[in-house]
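The lines below spell out each chain.
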Amino acid sequence: MSSTLSTGTGTGSGTSTPRERSGSAAGLPAGTADPEAAVDVEDEDAGPKLTDAEAARVRDLADVPISDLEAHDAEVVRAIALFFDNDFKGALAVMQSQSDRDALYALGEGTFSMLKAMTTFDPDHIATATTLLQRAEALASTQYKLATPKTNSFRLTKWIRGGASYLAQTTGLAAAPKLTPGQLRSTIVRAEASLISSFLYLFQESLMAFVKAGLGLRKSQTNYAQAWQTYQALADAGGDAQVATAMDQHTREGIQFGIGALNVVLAILPSKVARVISILGYKGDRDLGFGLIEKAAASDGVRAPIATLFMGGYHAVLSSFAPSVLGPAMLPVAARHLTGALRHFPRSPFHLLLLARVARTARDLPRSDALLHAAQSAASGAWPELALLAMYEEAVNAMAQLDWSRAADRCAHLRANTYWSVAFFTYAEAACRAMAGDEGRARELMKLAPTYVTRKYGGKVISVEQWILKKAAVFEGRESISEYLPGFEILLIWNMFATMPHSALVACRDRVLAALDLRREDEVDALAVLHLVLATVERELGNWEAAGRSLEYAVDAGVEVETWVPPFATYARAVTGLAEAVSAAGDGDDLREAVQKADADVKRAGKANDYCFEFRLAFRIHLVGLTFDEWLARDGGVPRSVLTMPTAAELFGDS
């Protein structure tokens, strides 16, 4: 499989043969099943169908020249620019002006709705986004049929039905009928609608959500495979110039972005999820995926801003799952894309919010706060849900700065505005009030939190609310809340000690040590939580022996209620041992042995099951395991540089 692909805007040579690349870069294994067993794209579409009256309004693109397609779609480019320039209503008006008759405009409307749903995870918002994206698929299917040549129907039908499988097993790929420009445009819209729908599920902490995402990816994969074959056949026949004669710029970029994103997402799916959804044995090629998305991001077409946001968001968010392991490679990529985008869209709350995540992971909480305030200011009037998301991030920052009163006030505001999980913000406010010394108000809120537990996914209470039910029950039987430092427990689970300055970490250590002195020996669960907090703080301070002693207790304590502690502690032992090895290593030392030892501990942590936040830790373990595998496969060992965290000044170009 070649990672240098010939495109209308790129510089790749596209020299690999059709048989070598057939289907594989589109998320299909080469030489897959026989054509009769291939999935029929039309039959697989279970989304809504257009009525006859709706179908009659659909724009027929069959005879529209490529140059006219690009001119027609210029309005979509303008709408996306308006969107990221904070004119959400204006952007939506442009999309809705033609979303009843053109699939690309319907896709734009659905994408905007998806971004809103991802800021709230409100079931109604998710349902609305899903419906709009399904409608975009239905429109694309209708436009595809209208653009289909009316001759040579048997051969064309076999092309459509066989997809990548048929092409992979024929010797004359270039002789197969090529999709028309209108068909290609419709195929990419249909594929992208399924791809974007799957994103709604990837950020939800449940196996069922990942399965739903995988099913969407599989449908998207089938559509992309169709377009990919035409794309590659044209590239082999005549390079960039030949590609440009058969598809417009926005479709070319759609293939780059879609195939790229599909490969990246498939590459990070946990193996048990990939097995459940049967992704045809293909794991995805992350390097190829990022290369294609980079090409789309570097263009000036419809997908460029979305591709840039994908690159920035992916690396900003995932780096926070395991900062010491993932941060060194991911943070520079996130900062480059997000700061570049802000030069074009300086008021975009999306980019400001994600860049605040980068600053936080780089231990620059004041800069993170400033970016979050800018995001709230930009979004407060036009997109209130996005402003609330920025406020949530500010509340977490305030906890990391030990400003418990400010954090409590932010949680109270979020609770009053029924953002995301009211139960969580009620509990979080209780924890912060306790940390600030307001035991009475903390007790009131702690009793109230379980009454707000309502959020379910797949019939099950979401992980964080399961935890709240258990914690509220535990605190009901305790005379004090503040003595158990519930705010530190939130910081631990949210991985925030890695973002804190030295002075704050020292203050945390002193407070945990004082709390440990108050506990009886038979309070095993409470002691295990406190020791895990202490171990994490000591690791960030570089006190390896002290961290090791507390981790040993947390792993072996024999907890009854806090069953999440042992697997989290086992994972922490892996990260702590690796951090100690890095601190002692010189620039020329090989850290392979330390990585192998950490990898063994990570795998042990991954064997645990049936505990709160299981999916959160499992995904963290999966990402770290993938990174360890990459390092251990390197020629020449594992240098210290791959674990050297960039500073905020380096990331943001401070002089």
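Residues numbered from 1 in each chain as written. Predicted model: local features only at pLDDT ≥ 70, side-chain atom pairs only at ≥ 80, totals over all residues. Heavy atoms only, no water.

Undergrad: Residue-level account of the overall build of the protein chain, with values.
TA: Assigned secondary structure in the protein chain consists of 31 helices and two strands. Each of the 655 residues in the protein chain was classed as buried or not, and the buried ones make up 60%. Within the protein chain, residue pairs in contact and separated by at least 24 positions form 73% of the contacts whose partners lie at least 6 positions apart. Counting every atom, the protein chain has about 25,100 Å² of accessible surface; 53% of that belongs to carbon and sulfur. (Helix = DSSP H or I, 4+ residues; strand = E, 2+ residues; numbered from the N terminus. Buried < 20%, exposed > 50% of the residue type's maximum accessible area, 1.4 Å probe, protein only. Contact = heavy atoms within 4.5 Å. Areas by Shrake-Rupley, 256 points an atom, 1.4 Å probe, with all protein chains shown as cover.)

Undergrad: How would you explain the nonpolar core if you had to name every residue and give the values?
TA: Side chains of nonpolar character tend, in soluble globular proteins, to be buried together. The biggest cluster of nonpolar side chains holds 210 residues, and the ones touching the most others in it are V358, W467, F488, F497, L532 and W564. Ignoring any residue separated from it by four or fewer positions in sequence, one finds L532 in contact with L492, L551, A554, W564, V565, F568, A569 and A572. (Core = buried A, V, L, I, M, F, W, Y, C linked by side-chain atoms within 4.5 Å.)

Undergrad: An account of the packing of helix α12 (residues 249-268) against helix α14 (residues 286-297) is requested, with residue identities and associated values reported.
TA: One way to put it is that α12 packs onto α14 with a least axis distance of 7 Å and a crossing angle of 150°. In this view, α12 runs roughly antiparallel relative to α14, as classed from their interaxial angle. You can see that α12 and α14 cross each other, and the crossing is left-handed. Packed against α12, whose contacting residues are E253, Q256, F257, I259, G260, A261, N263, V264, A267 and I268, the element α14 presents R286, L288, G289, F290, L292, I293, K295 and A296 at the interface. In the contact of α12 with α14, the residues fall into eleven nonpolar, four polar and three charged. (Axes fitted to C-alpha atoms, helices over the stretch in contact; angles between N-to-C directions. Parallel < 35°, antiparallel > 145°, perpendicular 65-115°, else oblique. Left-handed = near helix turned anticlockwise from the far one by under 90°. Nonpolar A, V, L, I, M, F, W, Y, C, P; charged D, E, K, R; others polar.)

Undergrad: Let's hear about the side chain of T180: which residues, and what values?
TA: By the element assignment, T180 lies in the loop between α9 (153-168) and α10 (181-202). Not counting the four nearest positions on each side in its chain, T180 is found in contact with A147 and P149.

Undergrad: Go over the environment of T251 with me, naming the residues and quoting the values.
TA: Relative to the helices and strands, T251 resides in helix α12. Separated by 63 residues in sequence, T251 and I188 place their C-alpha atoms 6.8 Å apart. If we ignore the near neighbours within four places in the chain, the residues touching T251 are L184, R185, I188 and R303.

Undergrad: Give me empty space enclosed by the protein: which residues, what numbers.
TA: With the rule as written, the count across this model stands at four cavities of 30 Å³ or more. Looking at the largest cavity, its volume works out to about 130 Å³. Along its surface, the largest cavity is lined by 13 residues, and I80, T111, E192, V302 and I306 are the ones closest to its centre. Looking at the lining of the largest cavity, the elements that each hand over two or more residues are α5 (74-84), α7 (103-120) and α10. The leading source of residues in the lining of the largest cavity is α7, at five residues. Classifying every residue of the lining of the largest cavity gives nine nonpolar, two polar and two charged. (1 Å grid on protein atoms, 1.4 Å probe; cavity = no way out; pocket = protein on both sides within 12 Å on 5 of 7 lines; lining within 4 Å. Points joined across faces, edges and corners; volume = space filled by probe spheres on them.)

Undergrad: Give me the pattern of salt bridges: which residues, what numbers.
TA: Overall, the coordinates contain 37 salt bridges when judged by the stated rule. We note a salt bridge from R406 to D369, for which the minimum N-O separation is 3.6 Å. Of the two residues, R406 sits in helix α20 (residues 404-416) while D369 sits in helix α18 (residues 365-379), which places them 37 residues apart along the sequence. In this structure, R415 and E429 form a salt bridge, with 2.9 Å as the shortest nitrogen-oxygen distance. Highlighted residues: R415 in helix α20 and E429 in helix α21 (residues 422-435), separated in sequence by 14 residues. Beyond isolated ion pairs, a larger network of salt bridges with shared partners links D369, E394, D403, R406 and R410. (Salt bridge = Lys/Arg side-chain N within 4 Å of Asp/Glu carboxyl O.)

Undergrad: So what about the packing of aromatic side chains? Which residues, and what values?
TA: All told, the structure shown has 31 aromatic pairs when counted by the stated rule. Plain terms: the ring middles of F321 and F619 are 5.4 Å apart, the flat faces sit at 90° to each other, and that makes the pair edge-to-face. Here F321, found in the loop between α15 (304-319) and α16 (323-344), pairs with F619, found in helix α30 (residues 614-632); they are 298 residues apart in sequence, far enough to count as distant. Aromatic pair W420 and F425: ring centres 6.1 Å apart, planes at 75°, arrangement edge-to-face. The partly exposed category is assigned to W420, whose relative accessible area is 24%. A relative accessible area of 1% means that F425 is categorised as buried. Linked through ring pairs, Y392, Y419, W420, F424, F425, Y427, W467, W494 and F613 together constitute an aromatic cluster. Positioned above the aromatic ring of W494 is the side chain of R616, whose terminal nitrogen or guanidinium carbon lies 4.5 Å from the ring centre. (Phe/Tyr/Trp six-rings, centres within 6.5 Å; stacked < 30°, edge-to-face > 60°. Lys NZ or Arg CZ within 6 Å of the ring centre and 35° of its normal.)

Undergrad: So what about the environment of V642? Which residues, and what values?
TA: Its place among the elements puts V642 in the loop between α30 and α31 (648-652). Take V642: its relative accessible area is 16%, and that puts it in the buried class.

Undergrad: Outline unusual backbone geometry, supporting the account with residue identities and numerical values.
TA: Positioned with a positive phi, T418 is a non-glycine residue whose angle comes to about 45°. For T418, the position within the fold is in the loop between α20 and α21. You can call T418 exposed: its relative accessible area is 56%. Residue W420 is not a glycine yet carries a positive backbone phi of 50°.

Undergrad: So, the confidence of the model for the protein chain: which residues are in play, and what are the values?
TA: Of all residues in the protein chain, 85% have pLDDT values of 70 or greater, and the mean over the chain is 86. Note that residues 1-45 has pLDDT below 50 and, in this model, 123 contacts with residues that lie over four places away or in other chains. For residues 153-177, every residue scores under 50 in pLDDT, and the model assigns this stretch 50 contacts once sequence neighbours within four places are set aside. (pLDDT = per-residue confidence, 0-100.)

Undergrad: Run through helix α24 (residues 486-493), naming residues and quoting values.
TA: Most of α24 is tucked away, with eight of its eight residues classed as buried. Along α24, the residues that are buried comprise P486, G487, F488, E489, I490, L491, L492 and I493. Downstream of α24 by one or two residues, N495 has phi in the positive range, about 65°.

Undergrad: Before we move on, can you summarise the state of the cysteines with the specific residues and values?
TA: If you walk through the whole model with that rule in mind, you get zero disulfides. You can see C432 has no disulfide; the closest cysteine sulfur is in C411, sitting 4.9 Å from it. (Disulfide = S-S within 2.5 Å.)

Undergrad: Any details on the side chain of R286? Residues and values, ideally.
TA: Among the structural elements, R286 can be located in helix α14. Discounting chain neighbours no more than four positions away, the residues touching R286 are V264, A267, I268, Y314, L626 and E630.

Undergrad: So what's going on with the environment of L651? Which residues, and what values?
TA: Relative to the assigned elements, L651 resides in helix α31. In this structure, L651 is in contact with L331, P332, A335, V358, A362 and P646, ignoring residues within four places of it in sequence.

Undergrad: An account of helix α23 (residues 463-476) is requested, with residue identities and associated values reported.
TA: Taking 1.5 Å per residue as the helical rise, α23 with its 14 residues ought to reach 20 Å, and the 20 Å between its terminal C-alpha atoms agrees with that figure. Within α23 the residues assigned to the buried category are S463, V464, E465, W467, I468, K471, A472, V474 and F475. Packing partners of the buried residues in α23 comprise α21, α22 (439-448), β2 (460-461) and α24. (Expected span 1.5 Å × (residues − 1).)

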